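# Inside the fold
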Amino acid sequence: MKIPRYYYFAVAILFILFAYFSYQIFVAVQPLQVVFFDVGQGDSILIQKGTQQILIDGGPSGKTELAKLGKYLPYFDREIEIVIATHPDKDHIAGLVEVARNYRIGKVLATGAEKDTQVYKEWKDVLSYNKIETLEAARGMEVKFENFDMKIIHPQAKVNASVGDANNDSIVMRLDHGENSFLFTGDIESSAENEILDSGENIDVDILKVAHHGSKYSSSDAFLDAASPEEAVISVSKNNSYGHPTEAVLKSLQARNVEIFRTDKNGDIAYKCSNSSKQCIN
Ligand SMILES: [Zn+2]
């Protein structure tokens, strides 16, 4: 008996539909991952669900950053939906240059702050060469993904170019996923912290990325009280020349019974937030 041609066609269609829906289910049940990469003295944080990613900063080295992404991204996934450059310092954007050369980037979120450095020039060049859309972050913007959203808390308005010290204009974001929340603070110092407190934005979270690698000019008592985290993450290298994190900040956190994780001691700090569980587990 001859099998009709349309039979093969129907089987092929069924197979494609099956693969498609299996993939959709696979993505939907994936936990949200938040990984603080150990990139030495700098910041780089991956937020990932299935094949969707937000990358906050890229650390000081392209080689290290690519190795980390290779470790945590699905091997077939060469696209990062959103890259956020909190501010244009080398320890936050140098690694992003290599990311933009090796991955497709959907959009970049940055501030208008500029820096007269070689690495900042390379970063701008790679963005324009690859025609990557860049949006300027300001308070009130929201980044919406399936099952989670991020709210931009700072800077309060678009930043003028060529500010001398970009730290205080770092992008600060709040991530909510179910009952879990994170606050990402870039390198803000106390003046930005005060501005955020005055704004009345809700910064009460479970997990705090400690601002500016634990610098003594950040993490004021009032800011830590308002954030009241259960856990804090400090992204820092061993024996760095800045003395980060400072004793004062460690003591402030300990006095509030905050559990401290440090990339120089713990390596990558990876949280898994399942859709049902109340707590993100690291
Ligand atoms: Zn920094």
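Residues numbered from 1 in each chain as written. Predicted model: local features only at pLDDT ≥ 70, side-chain atom pairs only at ≥ 80, totals over all residues.

A few words on the overall build of the protein chain. Broken down by element type, the protein chain carries eight helices and 14 strands. On C-alpha atoms alone, the protein chain measures out to a radius of gyration of 20 Å, which is about the 19 Å that the 2.2 N^0.38 rule sets for 282 residues. In terms of principal-axis extent, the alpha carbons of the protein chain reach across some 85 × 45 × 35 Å. Counting across all 282 residues of the protein chain, residues that qualify as buried make up 43%. Taking contacts inside the protein chain between residues at least 6 apart in sequence as the whole, the part at least 24 apart equals 66%. (Helix = DSSP H or I, 4+ residues; strand = E, 2+ residues; numbered from the N terminus. Rg over C-alpha atoms; globule rule 2.2 N^0.38 Å. Buried ≥ 20, exposed ≤ 12 C-beta atoms within 10 Å, placed from the backbone. Contact = placed C-beta atoms within 7 Å.)

Here we come to the nonpolar core. Ile45, Val83, Leu96 and Met173 are the most contacted members of the largest nonpolar core, which has 64 residues in total. Among the elements that make up this core, the one with the highest residue count is helix α3 (residues 90–102) (six residues). If sequence neighbours within four positions are ignored, Ile45 has contacts with Val34, Val35, Phe36, Phe37, Ile56, Asp57, Phe184 and Lys209. (Core = buried A, V, L, I, M, F, W, Y, C linked by C-beta atoms within 7 Å.)

Right, let's get into the environment of Gln33. Along the chain, the position of Gln33 falls in strand β1 (residues 32–36). Sequence-wise, Gln33 and Ser274 are 241 residues apart; in three dimensions their C-alpha atoms are separated by 8.6 Å. Residues in contact with Gln33, not counting those within four places in the same chain, are Gln48, Ala270, Tyr271 and Lys272.

Taken in spatial order, the seven strands line up as β7-β8-β9-β10-β11-β12-β13 in an open sheet, and their pairing is mixed. Looking at which strands have only one partner, the edges of the open sheet turn out to be β7 (142–145) and β13 (259–262). Looking at each pair of strands side by side, their axes are set apart by 15 degrees on average, direction ignored. With four bridges connecting them, β7 and strand β8 (residues 148–154) associate as antiparallel partners. Paired with Val143 across the strands is Met150, a residue of β8. (Pairing = 2+ DSSP bridges. Axes fitted to C-alpha atoms, helices over the stretch in contact; angles between N-to-C directions.)

Our next topic: the sheet that holds β1. Strand order across the open sheet formed by seven strands is β6-β5-β4-β3-β2-β1-β14, with mixed pairing between neighbours. Strands at the two margins of the open sheet, each flanked by one partner only, are β6 (133–136) and β14 (269–273). Neighbouring strand axes in the sheet, compared pairwise and without regard to direction, differ in orientation by 15 degrees on average.

Of all five residues making up strand β2 (residues 45–49), five are buried, and the element is well covered by its neighbours. Pairing between β1 and β2: five bridges, direction antiparallel. Residue pairing across strands places Val34 opposite Ile47, the latter belonging to β2. By the bridge criterion, five bridges tie β2 to strand β3 (residues 52–56) in an arrangement that is antiparallel.

Put simply, α3 and helix α4 (residues 118–129) touch, their axes get as near as 9 Å, and they point 30 degrees apart. Handedness of the crossing formed by α3 with α4: left-handed. In this structure, α3 uses Lys90, Ile93, Ala94, Leu96, Val97, Ala100 and Arg101 to contact α4, whose residues at the interface are Val119, Tyr120, Glu122, Trp123, Val126 and Leu127. (Left-handed = near helix turned anticlockwise from the far one by under 90°.)

The next thing to look at is helix α5 (residues 190–199). Note on helix geometry: an α-helix contains 3.6 residues per turn, so any two residues three or four positions apart are oriented the same way. Here α5 has its buried residues at Ala192, Glu193 and Ile196. One side of α5 carries all its buried residues, which in axial view fall inside an arc of 105 degrees. Among the structural elements, β8, β9 (172–177) and α6 (221–227) are those in contact with the buried residues of α5. Just downstream of α5 lies Gly200, where phi reads positive at about 80 degrees. (Arc of directions from axis to C-beta.)

Below, the discussion takes up helix α7 (residues 247–255). By the burial criterion, the buried members of α7 are Val249, Ser252 and Leu253. Looking straight down α7, one finds that the buried residues subtend no more than 95 degrees of arc, so they occupy a single side. Summarising the geometry of α7, the exposed residues directed more than 90 degrees from the buried face are Glu247, Ala248, Lys251, Gln254 and Ala255. Here the buried face of α7 lies against α6, β12 (231–234) and β13. A positive phi of about 55 degrees marks Asn257, the residue just after α7.

Take the pairing of β13 next. The side chains of a regular strand alternate between both faces of the sheet. Alignment of β12 against β13, held across four bridges, turns out to be parallel. By the bridge assignment, Val233 is partnered in β13 with Phe261. Handedness of the crossover joining β12 and β13 through α7 is recorded here as right-handed. (Right-handed = clockwise from strand over helix to strand, strands pointing away.)

Bringing the environment of Ala161 into the picture now. Note that Ala161 resides in the loop between β8 and β9. In contact with Ala161, other than residues within four places in its own chain, are Gly112 and Glu114.

All we've got here are geometric facts, nothing functional implied.
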